[in-house]
Amino acid sequence: MTERIINPVTAEELVDRAKQYLQNGHRLIQICCTKTPSEMYLLYSFEKLDLTLENLRLDIQSGDTIPSISDVYFAAFLYENEIHDLYGINVSGMAVDFQGTFYETAVKQPFNIIAADMKE
Amino acid sequence: MGERTIIPFGPQHPVLPEPLHLDLIMEDEKVVGAVPSIGFVHRGLEKLVEKRDFNEMIYVIERICGICSFIHGQSYAQTLEGMMGVDIPPRAKYLRTIWAELSRVHSHLLWLGLMADAYGFESLFMHCWRIREKVLDIFEETTGGRVIFSVCKIGGVWKDIDNDTLNRIKVIVKDIGEEAKAVTDVFVRDYSVQKRTRGIGVVTYQEAIDLGAVGPTLRGSGVVQDMRTLGYAAYGDLNFEPIVEKDGDCYARTVVRVREVYQSLDLIRQCIEKIPDGEVDMKVKGNPSGEYISRMEQPRGQTFYYAKGNGTKYLERFRVRTPTFANIPTLLKILPGADLADVPVLALTIDPCISCTER
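The shown structure was predicted, so the numbers you read here are calculated from the model rather than taken from an experiment. Starting afresh in each chain, residues are numbered from 1 along the sequence in its written order. Chain letters start at A and ligand numbers start at 1, both assigned in the order the entries are written. In keeping with the model being predicted, local features are shown solely for residues with a pLDDT of at least 70 and side-chain atom pairs are shown and tallied solely at 80 or more, while totals for entire chains, interfaces and linings include all residues. With hydrogens and water excluded, all non-hydrogen atoms of the structure serve as input to the side-chain values.

(A) Quick peek at the pattern of salt bridges. Salt bridges are identified by distance alone: a Lys or Arg side-chain nitrogen within 4 Å of an Asp or Glu carboxyl oxygen. Evaluation of the coordinates by the stated rule reveals 37 salt bridges over all chains. Here aspartate 281 of chain B makes a salt bridge to lysine 153 of chain B, at a shortest N to O gap of 3.0 Å. Here the residue aspartate 281 of chain B occupies a position in the loop between helix H9 (250–274) and strand E6 (289–298), and lysine 153 of chain B occupies one in strand E4 (residues 152–153), the gap between them amounting to 128 residues. Burial classes follow relative accessibility: with a 1.4 Å probe on protein chains only, a residue under 20% of its type's maximum area counts as buried, one over 50% as exposed, and anything between as partly exposed. Residue classification places lysine 153 of chain B among the buried residues on the basis of a relative accessible area of 14%. Linked by salt bridges that have partners in common, Glu82 of chain A together with Glu46, Arg317, Arg319 and Arg359 of chain B make up one network. Secondary structure elements follow DSSP: runs of H or I of four or more residues count as helices, runs of E of two or more count as strands, with numbering from the N terminus.

(B) Inspection of the environment of glutamine 270 of chain B at higher detail. All names here are of chain B. With respect to the helices, strands and loops of the structure, glutamine 270 is situated in helix H9. Sequence spacing of glutamine 270 and lysine 170 is 100 residues, and the spatial spacing of their C-alpha atoms is 9.4 Å. Between two residues, a contact is recorded if the distance between any of their heavy atoms is within 4.5 Å. When residues no more than four places from it in sequence are discounted, the contact partners of glutamine 270 are Leu238 and Asn239. For glutamine 270, the side chain forms a polar contact with the main-chain nitrogen of asparagine 239, separated by 2.8 Å. Think of a polar contact as two N or O atoms within 3.5 Å of one another; within protein, one of them needs to be a possible hydrogen donor and the other a possible acceptor, and neighboring residues in sequence only count if both atoms come from side chains.

(C) A look at the packing of aromatic side chains. Here a pair means two rings of Phe, Tyr or Trp (six-membered ring of Trp) with centres within 6.5 Å. Their orientation is stacked below 30 degrees between planes, edge-to-face above 60, and tilted elsewhere. For the coordinates displayed, the defined rule picks out 17 aromatic pairs over all chains. With a centroid separation of 6.5 Å and an interplanar angle of 40°, the aromatic rings of phenylalanine 70 of chain B and phenylalanine 149 of chain B are classed as tilted. Residue phenylalanine 70 of chain B is located in helix H2 (residues 69–84), and its partner phenylalanine 149 of chain B is located in the loop between helix H4 (122–143) and E4; the two are separated by 79 residues in the primary sequence. With respect to class, phenylalanine 70 of chain B is no different from phenylalanine 149 of chain B; both count as buried. Aromatic ring contacts, followed pair by pair, group Phe74, Phe77, Tyr79, Phe98, Phe102 and Tyr103 of chain A together with Phe325 of chain B into a single cluster.

(D) The arrangement of the packing of helix H2 (residues 76–87) of chain A against helix H10 (residues 323–334) of chain B in detail. Angles run from 0 to 180 degrees between N-to-C directions of axes, and those axes are lines fitted to C-alpha atoms, restricted for helices to the stretch in contact. At a minimum axis separation of 9 Å, H2 of chain A and H10 of chain B run at an interaxial angle of 125°. Taken together, the axes of H2 of chain A and H10 of chain B lie oblique to each other. H2 of chain A and H10 of chain B meet at a crossing whose hand is right-handed. Judged by residue contacts, Phe77, Leu78, Tyr79 and Glu82 of chain A of H2 of chain A engage Phe325, Ala326, Ile328, Pro329 and Leu332 of chain B from H10 of chain B. Following the grouping adopted for this structure description, the nonpolar residues are Ala, Val, Leu, Ile, Met, Phe, Trp, Tyr, Cys and Pro, the charged ones are Asp, Glu, Lys and Arg, and the polar ones are all others, Gly among them. For the contact of H2 of chain A with H10 of chain B, a count of residues per class yields 8 nonpolar, no polar and 1 charged. Under this scheme an angle from 65 to 115 degrees is roughly perpendicular, one under 35 degrees roughly parallel, and one over 145 degrees roughly antiparallel; angles in between are oblique. Crossing handedness is read from the near helix: turned anticlockwise from the far helix by less than a right angle, it gives a left-handed crossing, and turned clockwise, a right-handed one.

(E) Layout of the environment of asparagine 24 of chain A. By the element assignment, asparagine 24 of chain A lies in the loop between helix H1 (14–23) and strand E2 (27–35). For asparagine 24 of chain A and lysine 48 of chain A, which are 24 residues apart along the polypeptide, the C-alpha to C-alpha distance reads 8.5 Å.

Everything listed is a geometric property; what it means functionally is a separate question.
Structure, rendered in structure tokens:
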């Protein structure tokens, strides 16, 4: 990923780092979770109006609780509810907490299951 | 303070072609708060990368949305090409740009029609969609499809457009522009339209930035940001500036889309005049490995793609953040203080695509 920066972050540092990005003029453009057979992490993407992009990577495990950054970036509540419903990651202090009803899925935490094809 | 009531808006509503639900907290006729619900038709398409060959996956990705289907396929292809270090032939880049801009024209004309329908201007709605049909005819002639094209592949495009056809499209595009003028003038100048849009749902410059708005919703508040300026596909060779309006209301967002119709028609003309001869695809060997981020400009705004490969034919992760998802906080901002009668117009003003959001 040339020209794109990924910085590691811990759950304890997350909110302060988000505040720094806000003060530096970055917008939050997305949060996503990735789960593979060997790792699980969140990617927080911040962008300036000149289109430069920076990302924070937070390594996590299934069932972890992480702090919400929706007090810093209001829009984060959407991504955080999505991650909770699809991956089962608990997020504390969300600006709007849908209590697991953001997505109506037949299977709970469907993205927390890795397809058998990929395991092979 | 008046008595508070909650009025459910959607998921089935005449103004919504797709299911979106809002709990509108009302004091008399004024909205004082709104709680959104989505997820009625969430498909989990991202998860399918674990079971579908990365080459086949492009046909799934196109089905994220029936309006910007081509650009989703293009975005996926560009993400995988970036990850695999593939530089596709220049002619393929131009063809992708032509189809992408045609998609923008038909998306904006579709939205303008829906907006007219939202404030009861039925004839205006029909004229917008009548003109849009001509764009769909070009799609059908050049790709074989009117909604899903399956013309994009990793390494280029499946089909070429011969130069005679391109020159004919250039004439058709010019005609579309002239025909659209009479219709778009109504959106820009008509008194009754402006009564429903001017000063309604104002988002300031700073609010648009803070709320993470994208696309015409962002540019309608005066923020100069358009992912096409990154120069992907053929955009680096084309002459254009992001379209921006400053008032931040429904009218400004409408005018941005109207002006973008003409900008897209001009970009298609530029592409046809500059398109080089040559191959339109190349053989791509190997499997994707590593991770890659792409950002592109769809009709509704910035889309964010993230892919992670492990050297097999299956990706480990594929992520799409669609523009509508990013614009939901803006919708929640503009609803409080609005009259109930304006809610349909406000809901449409971010051009919500629930199909994209429920990828």
